[in-house]
Structures are given as structure tokens and as C-alpha cells.
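# Secondary and tertiary structure notes
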Amino acid sequence: MQHWARRLEQEIDGVMRIFGGVQQLREIYKDNRNLFEVQENEPQKLVEKVAGDIESLLDRKVQALKRLADAAENFQKAHRWQDNIKEEDILYYDAKADAELDDPESEDVERGSKASTLRLDFVEDSNFKNKVNYSYTAVQIPTDIYKGSTVILNELNWTEALENVFMENRRQDPTLLWQVFGSATGVTRYYPATPWRAPKKIDLYDVRRRPWYIQGASSPKDMVIIVDVSGSVSGLTLKLMKTSVCEMLDTLSDDDYVNVASFNEKAQPVSCFTHLVQANVRNKKVFKEAVQGMVAKGTTGYKAGFEYAFDQLQNSNITRANCNKMIMMFTDGGEDRVQDVFEKYNWPNRTVRVFTFSVGQHNYDVTPLQWMACANKGYYFEIPSIGAIRINTQEYLDVLGRPMVLAGKEAKQVQWTNVYEDALGLGLVVTGTLPVFNLTQDGPGEKKNQLILGVMGIDVALNDIKRLTPNYTLGANGYVFAIDLNGYVLLHPNLKPQVSQRGGQEGGKLYKMGTPDFLPCLPQTTNFREPVTLDFLDAELEDENKEEIRRSMIDGNKGHKQIKTLVKSLDERYVDEVMRNYTWVPIRSTNYSLGLVLPPYSTFYLQANLSDQILQVKYFEFLLPSSFESEGHVFIAPREYCKDLNASDNNTEFLKNFIELMEKVTPDSKQCNNFLLHNLILDTGITQQLVERVWRDQDLNTYSLLAVFAATDGGITRVFPNKAAEDWTENPEPFNASFYRRSLDNHGYVFKPPHQDALLRPLELENDTVGILVSTAVELSLGGRTLRPAVVGVKLDLEAWAEKFKVLASNRTHQDQPQKQCGPSSHCEMDCEVNNEDLLCVLIDDGGFLVLSNQNHQWDQVGRFFSEVDANLMLALYNNSFYTRKESYDYQAACAPQPPGNLGAAPRGVFVPTIADFLNLAWWTSAAAWSLFQQLLYGLIYHSWFQADPAEAEGNPEARESSCVMKQTQYYFGSVNASYNAIIDCGNCSRLFHAQRLTNTNLLFVVAEKPLCSQCETGRLLQKETHCPADGPEQCELVQRPRYRRGPHICFDYNATEDTSDCGRGASFPPSLGVLVSLQLLLLLGLPPRPQPQVHAHASRRI
């Protein structure tokens, strides 16, 4: 076998030496040494410059934010409240007006809105990826808030003055994107004006539930939610509680910590979390699923619930926010005030706020619930029906904002958010936020107003930050990244959230995932409500060195470290062990830290110096399609060479656009990137010389080659002969081609078989010529400086090389020699050609994928994971350390839950009255009737909270997709390098195999006896990506080992001057017999009216 292995190694090396042209390309570079300079990447200087540029960019946004916040506070202070203000008194552009006019069932169309809504003209703006109007602001008001209420009209009146400040900001900084004021009343005013992106169904967008607003409106929170599940909490009330808890969880951000418990006589956590955990997307999803399992039974025991909550908040042995502490209790009512519990745990300092929520319609005395909230600096809310859930589960933020407002200038801290997807189509953004305070006084000599007016925000697109980073001087495997205090990435090449069919992300995935039953509060979208929280250790393959780097960056330190680590290939099929240099510095005046990653071979790079215009023209001619027949086909990387260059996904069209532009401008034009253009033209000439010196005079058919090729850092991929380009499927951007990046990271020859999925049909060899890519990096050493500016390779004809493989692994010395039959009784060795009925001979690459086989029936399985071809043998190779397995998780995937089949016409669990009930007057005036009508009417709008809408699930990707976790498994070569023999023991029959690594390649040569009995089918290794039903690694275990993080450095949770007297109110929906009868008659007639939503504003919200 070792003899066969040497023959294989020699054949591969010979072909690559003759056709690859590695040595010849080195000589070509040296011959053209006067046409380029070798530049050095100095990591420390690079990363400090980029950090400074990002700091300057964000600082300009901070100055704009401060101007807006100051102006808003002054405008509101000068505003005169109008009790008799009318809709026709206000002139503004309603961002949802066009959509509502198109919808005949719209609330405003039905009611006949009196508001004077502007009709605007818009122009397309590439910066906003939208049509905008720079002369006006736009206003968005949540659907469940009545636009004609006095509070909203006054809000619209005073915020109109912000329009001039928005425009002045843009005059001073034309790069500003969305400028937004999110009001505590729910009104959003943003600039420039653009129509609202309303979904097909009801628009539930509320600025107060956006990540940036939540972060800016209050300091971090430690929250314990306790839910009454005693026997009196039945049917509809329990469902309202479950939905309320889910909505409450959505008001928390990654800076907050939370736990959820249910209680009756005893209290217990609803999930596996036994202590406060970070309120990140995955933990909140665990809570939301667990809440659905709550069952009502037993008697009410407030004492058990509150004692559990206080114990949770007093646990100092865990990571938590250590700022605002609060208990949120949801109940249907009770008489016990549990004063002894508060005296023991919370008085006299009252460091924990208590918020109580009376859920459902009932006749209980709510005084004890009000007293609990008022005695503990909290607030009492009522949730009589589904329509009150969203507003009443978010208004507690007003209470938490009081210490911030009273702290004044000290609390005016600009904060930068996690990455999230912009609601208006900018893509991934971060937002700078600044709270806006109410500076008025309630009356002469009265205390200062302590209400937060809202939050001011300015968006920064991630693409704008990326433009400040080096693009192509770092090489294919070098990159810049940035993280925040949570360790979440702001920039990273692997930050690619999969939002299929929405957001335009390339490579979007959509995985179908069945759900046994619809859960009303689980996230149904991947866009608005879920921030993109990808941890640095999940963006890369985690190890101890990276944990240290992450901690140092979070702590705001500078550092540099060279490490050996694992990296995943671009196609996610392979893992390579590589050396990387990490350098990092903090970005001053922000919570971000910036890192730079460089392979050792990317310390230096080439910079073309084509001052000779005659030479420029000569090399440029080799880009013309007319030269392809003789010089080979050229693909050019679709880079931003010039501002006026039209992009295209079709490389032929892109090349055409490029040539047309170059006929108008020169490579030295100011509108072009001279570095990119000069390097592209230089590499065009250098690869043409490779054709001239090596490829053109060789007969590829002699060695069964389909093509030869060269790809360069400058963006050129030259494929020879020209006809081979028809079957070329690699990415025209070398930096995005898996073969290119892997060749740079590996010494020797890297084989890449065609990608095959187990779910797809086998290769059709009769109709298509299938090729195997073999590539290797070209390493230059110039004046003691080493770099790898190009990759060269060949494309093998699969069928011809499969035959050649059998000959090389046989006892014949060459292909024309006659075969010599050998069997068990003869004295010669068996081989892979003659004895192919007894021996299985294969070449497998370092990822475990089949490259070549002596079995003709396996040729169409080339490119498949070998376990799908021979599970028994692959398992033996793994068990004998030829392969090592690496498992990781993709937290950026999108899955599609399938709606259940038995969808009813009404929400499940709703009480259905009998005929006797309809005839009973007492029933009509009861709370039960009112609750039912409220539920039915609000269900017309918010029915998606209680049941799945099949039309929406099928036709609207926003409703269809939900974030999920995919488990990825890769294999790579283990510690065994020498030849190895082993026996696979299968009981009564066994199987002998030999395995040996081929030198200077990524191949493993395996010769094995064919399996003689089925007992050998013991197990199958899996490589394909699989969905994780439990959302990845067990969350219950992960929270026991929380990753290092730091919260904001300033906390505002207490102020001695806070007035806590405003602490609750009574019912918002007093029943009326006349209204109830009218509503029911309309309901029976089949004319369901739309309820007039009410704004639940504090009495002190009058501004």
C-alpha cells in the first residue's frame, strides 16, 4: 500500500508541477518586480487608525443627538397644553396614511379621520434604500392608540418644531441617516419622511418596544415575574396572563436579567432556570415556551410568590444587572397584602419596586393590589382584555425613568445599541440613543416633573462603519471585527443573519420546522423584535485563547496575541487548524472594542505601480473577451473599482460594464479606487504571462485535465482554456471562494470535490463532465518578506482520474501493461484494480468527503460525506483518530414553523355563552359578558396572538420565519500521520483496512476489505447541518456558565426626591349596558365594529 501511496503522491505532484505553474508564476512576479511594491500591514497602527475613524464617525452622530435632545426638551417646556385641541388643528404627514387609504377596512377610513394629513412626493435615495422627502418629517402612531386623543394631538403639536432641527443636523452632517424621536406616548416622528413599511396584516409596531428605545429609556433591570396560577385563574384569564408575560419579556434587553415563576400555595420557576438569567433572545424564548405549560390549580398564596421573588433578587452569587430591581406580579385578585413580607425584605429602603397587574374581568377588591404597588415605589395596572396588554406591560418604564429624569444632566448619557434590523429598510444598524426629559413643573412651587418624554435616536448603518475598515489589503483571510460590552459582534465577516426573502441577505436559509401546537406569544418574525445578538465566541470557533481576547476587549484593554486556532471554511464543510495574529484596542467614547485578525502570510501585500500608461493599455487588452480564446477566460472580482461602475451579479455583464467605464476614465481617475484598479490590471498581465509560458503549449488531455486556473489577490481568476469557463462554478471574488481561502491556509495541494448533498440526486456523469479542483498557494519571498498573492490549480476529469487511480493503486507499472490476476490462493499482492470486487480503495479529503474510488458505482457519489457511502468504514476511521469532529452552532438561521391543521374560527379557550345566557339580563350586565365582547372585538385585530393565521403563515415571510439554531458538524484530520492498519470487529465476521495520509495533500488513502455481513452497520456519523429543537446547546446548562460581560457603568435606580404618589389607577373599560347591547346586535348581524383604541396615559402625562 505504501508503494501505491508513493505513486499517487508522485503523479499528483508531477501534474501540479507541469500544469500548476507555481514555480513559473514565482519567476513571473520576480521578472515584474519593478511593477509593484511590497507594503506592510502594521496591526497596531491599522487597528488604532480604524478605531479613531469609527470614533469620529460616531461622535458626529452624538453631537447631532445632543442638539436634538436639548431642542426637544426646550420645545416641550415652551409648549402650552391645549385641552380643546382637535384633529383638524394639526397638519402632519401620517406615514401610514397611504397604506390605510389603500385598505378599505382601515380604522381611519371607516371612522373618517379628521386629521389634516399631508400628501408628499418622494424621491429614491440610495443612502436610505428608500423613497424619502427631505422637507418634512413623518409620524407613525401605533394601531392600538387613538390618533385623535388629546394627549396624542398635543404631542404632535409640540414635536412639529423638531422638523427644523432635523434638517439643520443634516445640513451640518449630510451622512446622517434616520433621525428619530420616540415618544413615551407611542408617537414616532422621524426624518426624512418616507411612507411606513406596513405589513400586509395589522401593524403592531410600537417604538416603545424597540431595542433602542428600551435601552435609552431606563437603566438595566433585575426583574422577577411571578404569576398567580391558583384555581380561580381559569380559561381566558390564564391565557391573558401568559400573553402578558410574553409581552413583558419583550420589554427587556440584553442588559437586563430576569426570571419567571408561578405560584399558588408554593412558588416554583416556570422553566429550568433557577436564578436570574440574561434577558437575551434565547433565554426569553425558553421562558415563552415554558409559560405555555402553566396550569391553574390550588389556592392563592401571595406570600410564597413574593418570598421567592425577593430571594431571587437577593442572590448575589450570580451575574446580574445590579441596578433597577423589581417584581412584576400578575394575578386575578386577592385580599392578602403580605405586609410582613415587605417589612422583612424591602422596608424601609424599598430598593425593590413592586408592580401589580390585575388580569381579567372580575368583581374583586383591587385595593390590596394597589396598596402593594404604592407601598413599594411601583405601579398598579389593570389588564381586563387583550387590548390592554401591550400598553400596560410597557408603561412601567415611565416609573423606572423617574430617577433618570431627576438626575438631570448626569443621566444624559449617549448609549449605543446592539446590532438590529432597521424597520425602514436600512438593513443592519446600530443606534445612538439619548433620553429626553420633561423639564416642566406641575404648577407654581410644585416639584419638578419626573416623566421621561421619550428617547432620541440616530441610526448608523453597519455598512458605513465597514467602509472605514481596510478592504483588500488584509488578504482573503484577514478581517476586522468589533464587539460590545456583552461580547456581541458589531462587525465580523461571519455576522450574516439569515433573513430569507427579507432584508436581502445573501445565502439566506429557510428551514421548515413543525410545531405540535401554536404558542400565541412565541416570536413569529426575524426582523423587528429580535436584535441580532451574535457572540464573538459563536461567530468563531471557541477556544480558551479567544475567551481571553474577548474578556480583554470587554474590559477596554489593548492587546496583541498570536494563537493557533480552528477556522471554518467559507462553505462550512471543512475546519482548518491555522495561525492567527489578533490585535485589539478600545473605541474611545463608546462601549465598543475593535479587533484585527491577520494570518502570518498577510503581514505583507502587493501594491501595483503601473505608471507606464502603454503597459496599462497592453494589460487591459487581456481583459477584453476577444482575447479569451487564446489567453483563457477572465473573471474579475465584483469590487467597487469606481463610483460610476454599475454592479451586476452576472460576471459577464459586470466585466462589460467595467470595460465600458474604463474606456471613459483612466485607472488614475479620482472617482476610482486606484489601488484596486492598478492591482487588477497588473494581475491581468501577470496571469496572461502564465498562459504564455506554461499553459498554452501543454496538452491538457494528456493528463486528463479539464482546466487549469490562477486566482489572485488583485481580483483576477483566469481559467484556461476558454471553453472550461462554461463549467466554472467558483465565486468570481477570490476572497469569497472556498478553494482560494483554504489554499492560503494549507500547505501542499488542496483537493475540492464537487459539493453533493445527501438529499440531492447523484452526479450524472453521462451528461456532465465532473471535475475535481486541486489548488495550491503561490508563496513569494521578496527581500526576506513572505507573502501569498495567488493560488493556482487544475481541474481533474473525474472519470479519467478514477481509472488512473485504479492503475496507480495496482501492481501494474503503467496503464498499457496487461492486468495480472491475483487472488487469495496466488502469491502476488491483491490490488485495487484487479480485485475491486474484494477491495474498496478510496481517496477521502480532510473533511471526510469522497474524492475518488475504485468502485465504478461510487463515482456518482464523489463529493458526498463518506459516512453516506460507507458508514462502517468512516466510523472506524473516526474511532482510530484519523478524523476529529468539531461541533458548533449557527445562531443566525431562520426556520419556518408550520401552522397546525385544525384552526378554529375563534380563539381557543374562550367562554361561549348559551341561549339561556343571551336571554338572561343579568348575564348581559356581568363582567363575563363584557370580557367576552372585549375579547371578540380585540380578537379581530389581535387574533394572531391567540391563533395562527394560515394566510399570513403562507403569504407573509415576516410572519413565517423565526430565528432558530442549526447544529453544524465538521471533521478534520486527527493526530495519526503514518500508515495504519486496523480490524473492524463485527462479531462473527471482521473487516481489515489500511489507511495512510498522502504527503503534501489533504487526502487520506484507504484500502479496505468489502463488508461481508450486515452486522457491521453499527452507526452513522452525521455531517450535514441539522435543526436543534432545543435551540442549540442546553440553555439550562449554559446559564450555569455565563460568559463574561459588563453592564453600563452608570445606574439610575434611586433619587431621594422621587414622588411615588402616582402609583396606579382603576379600570379603563367601564361596562355600559347600552353599548354592550349595541355591540352584540352588530356582532349577531355579522357587522363586527372596530373598537376605538384608547391611550392609557398617566394623569401627569399632560404636556
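For the structure itself, look to the data block above.
What comes next concerns the included structure.

Rules and cut-offs
Residues numbered from 1 in each chain as written. Predicted model: local features only at pLDDT ≥ 70, side-chain atom pairs only at ≥ 80, totals over all residues. Heavy atoms only, no water. Salt bridge = Lys/Arg side-chain N within 4 Å of Asp/Glu carboxyl O. Helix = DSSP H or I, 4+ residues; strand = E, 2+ residues; numbered from the N terminus. Buried < 20%, exposed > 50% of the residue type's maximum accessible area, 1.4 Å probe, protein only. Disulfide = S-S within 2.5 Å. Polar contact = N/O pair within 3.5 Å; in protein donor to acceptor, adjacent residues only side chain to side chain. Contact = heavy atoms within 4.5 Å. Phe/Tyr/Trp six-rings, centres within 6.5 Å; stacked < 30°, edge-to-face > 60°. Lys NZ or Arg CZ within 6 Å of the ring centre and 35° of its normal. Axes fitted to C-alpha atoms, helices over the stretch in contact; angles between N-to-C directions. Parallel < 35°, antiparallel > 145°, perpendicular 65-115°, else oblique. Left-handed = near helix turned anticlockwise from the far one by under 90°. Nonpolar A, V, L, I, M, F, W, Y, C, P; charged D, E, K, R; others polar. Core = buried A, V, L, I, M, F, W, Y, C linked by side-chain atoms within 4.5 Å. Pairing = 2+ DSSP bridges.

## So, the pattern of salt bridges
Going through the model one piece at a time under the given rule, you end up with 41 salt bridges. Among the salt bridges present, the one from Glu55 reaches Arg588, with a minimum N-O distance of 3.4 Å. Taken together, the residues Glu55 in helix H3 (residues 43–78) and Arg588 in the loop between strand E24 (575–586) and strand E25 (593–598) connect sequence positions 533 residues apart. Judged by relative accessible area, Glu55 falls into the buried class, the value being 18%. The exposure class assigned to Arg588 is exposed, which follows from its relative accessible area of 56%. A single network of salt bridges, built from pairs that share partners, joins Arg282, Asp535, Asp538, Glu542, Arg550 and Arg1043.

## As for the state of the cysteines
Enumeration over the complete set of coordinates arrives at 5 disulfides. Disulfide pairing places Cys323 opposite Cys1051 at an S-S distance of 1.8 Å. Where Cys323 bonds to Cys1051 through sulfur, the torsion about that S-S bond is close to 95°, and the disulfide is right-handed. Taken together, the residues span a long stretch of sequence, with Cys323 in the loop between helix H11 (302–314) and strand E13 (324–331) and Cys1051 in the loop between helix H32 (1035–1038) and helix H33 (1073–1084) at a distance of 728 residues. Under the relative-accessibility criterion, Cys1051 is labelled partly exposed at 32%. With a sulfur-sulfur separation of 1.9 Å, Cys374 is cross-linked through a disulfide to Cys1063. Disulfide Cys374-Cys1063: torsion about the S-S bond near 90°, hence right-handed. With Cys374 in helix H13 (residues 367–374) and Cys1063 in the loop between H32 and H33, this residue pair connects regions lying 689 residues apart in the sequence. Overall, the relative accessible area of 9% leaves Cys1063 in the buried class.

## Comments concerning the side chain of Ser219
Within the secondary structure, Ser219 sits in the loop between helix H8 (211–217) and strand E9 (221–228). Accessibility expressed as a relative area gives 4% for Ser219, which makes it buried. Of note is the side chain of Ser219, whose polar atom sits 2.9 Å from the backbone nitrogen of Phe1052. If we ignore the near neighbours within four places in the chain, the residues touching Ser219 are Asp256, Cys323, Asn324, Met404, Ile1050, Cys1051 and Phe1052.

## Quick notes on the side chain of Thr533
Position of Thr533 among the secondary structure elements: in the loop between strand E22 (511–514) and helix H18 (536–539). Note on Thr533: relative accessible area 15%, which makes it buried. Beyond its immediate stretch of four places on either side in the chain, Thr533 contacts Asp254, Val281, Asn418 and Tyr488.

## Some remarks on the packing of aromatic side chains
Scanning all chains against the criterion turns up 45 aromatic pairs. With a centroid separation of 5.3 Å and an interplanar angle of 65°, the aromatic rings of Phe19 and Tyr703 are classed as edge-to-face. Of this pair, Phe19 sits in helix H1 (residues 2–20) while Tyr703 sits in the loop between helix H23 (674–695) and strand E28 (705–712); the two residues are 684 residues apart in sequence, bridging distant segments of the chain. With a relative accessible area of 27%, Tyr703 lands in the partly exposed category. Their ring planes at 80° and their centres at 6.0 Å tell us that Tyr605 and Phe675 sit as a pair that is edge-to-face. Pair noted here: Tyr605 is in strand E26 (residues 604–608) and Phe675 is in helix H23, with a separation of 70 residues, a long-range link. An aromatic cluster is defined as three or more aromatic residues linked by ring pairs; in this entry it consists of Phe128, Tyr134, Phe166, Trp178, Tyr190, Tyr191, Trp196 and Tyr205. In this arrangement the basic side chain of Arg551 is found over the ring face of Tyr1044, its NZ or CZ atom lying 3.9 Å from the centre. When the ring centre of Phe735 is taken as origin, the NZ or CZ atom of Arg639, which lies over that ring, is 4.9 Å away.

## What to know about the packing of helix H2 (residues 22–31) against H23
As a packed pair, H2 and H23 sit with axes 10 Å apart at the nearest point and diverge in direction by 130°. Comparing their axes, H23 and H2 come out oblique. In the crossing of H2 with H23, the sense of the turn from one axis to the other is right-handed. Contacts between H2 and H23 pair Gln24, Leu25, Glu27, Ile28, Tyr29 and Asp31 from the former with Asp683, Ile686, Gln689, Leu690, Arg693 and Val694 from the latter. Here the contact of H2 with H23 is composed, by residue class, of 6 nonpolar, 2 polar and 4 charged.

## Observations regarding the nonpolar core
Residues Leu877, Phe993 and Phe1005 are the most contacted members of the largest nonpolar core, which totals 93 residues. One finds Ala51, Trp416, Phe481 and Leu594 within the second-largest nonpolar core, a separate group that totals 47 residues.

## Overview of unusual backbone geometry
Cis geometry marks the peptide bond from Tyr191 to Pro192, where omega comes out at 0°. With respect to the helices, strands and loops of the structure, Pro192 is situated in the loop between strand E8 (188–191) and H8. Cis geometry is found at the peptide bond from Trp347 to Pro348, where omega equals 0°. Structurally, Pro348 is set in the loop between helix H12 (339–345) and strand E14 (352–359). Residues other than glycine seldom take positive phi values, yet Asn322 does so here, at roughly 55°. Within the secondary structure, Asn322 sits in the loop between H11 and E13. In this structure, Val338 is a non-glycine residue whose phi angle is positive, near 40°.

## Focus: the environment of Gly793
Here Gly793 lies in strand E32 (residues 785–797). Separated by 53 residues in the primary sequence, Gly793 and Tyr740 have C-alpha atoms spaced 10.0 Å apart. The residues contacting Gly793, other than those within four sequence positions of it, are Met16, Val708, Phe709, Val774 and Ser775.

## What to know about the sheet that holds E25
Ordered by their spatial adjacency, 5 strands build an open sheet running E21-E20-E25-E24-E23, and the pairing between neighbours is antiparallel. The open sheet has two free edges, formed respectively by strand E21 (489–491) and strand E23 (559–568), since each of these has just one partner strand. Strand-to-strand twist in this sheet, taken as the mean axis angle between neighbours without regard to direction, amounts to 35°. The pairing of E23 with E24 spans 10 bridges and is classified as antiparallel. Each bridged residue has a counterpart across the sheet, and for Lys568 the counterpart in E24 is Val575. Running at roughly 145° to E25, H3 makes contact with E24 and E25 of the sheet.

## Brief notes about the environment of Gln312
Turning to its location among the elements, Gln312 is positioned in helix H11. Relative accessible area serves as the criterion here: at 9%, Gln312 is assigned to the buried category. Taking C-alpha positions, Gln312 is 6.2 Å from His275, a pair spaced 37 residues apart along the chain. Ignoring anything within four residues of it in the chain, the contact list for Gln312 reads Val224, Asn259, Thr274, His275, Leu276 and Arg320. Among the polar contacts listed, one links the side chain of Gln312 to the backbone oxygen of Thr274, at a separation of 2.9 Å.

## With respect to the environment of Trp801
In this fold, Trp801 is placed in helix H25 (residues 798–808). Sequence separation between Trp801 and Tyr703 is 98 residues, and the spatial gap between their C-alpha atoms is 8.7 Å. Filtering out sequence-adjacent residues up to four positions away, Trp801 remains in contact with Glu11, Val15, Tyr703, Ser704, Leu705, Leu796 and Leu852.

## Quick word on the packing of helix H20 (residues 613–620) against H23
Contact geometry for H20 and H23: axes closest at 8 Å, N-to-C directions at 65°. The two elements H20 and H23 cross, and the hand of that crossing is left-handed. Taken together, the residues of H23 that come into contact with H20 (itself represented by Gln616, Tyr619 and Phe620) are His678, Ile681, Leu682, Thr684, Gly685 and Gln689. Here the residues of the contact of H20 with H23 are counted per class, giving 4 nonpolar, 5 polar and no charged.

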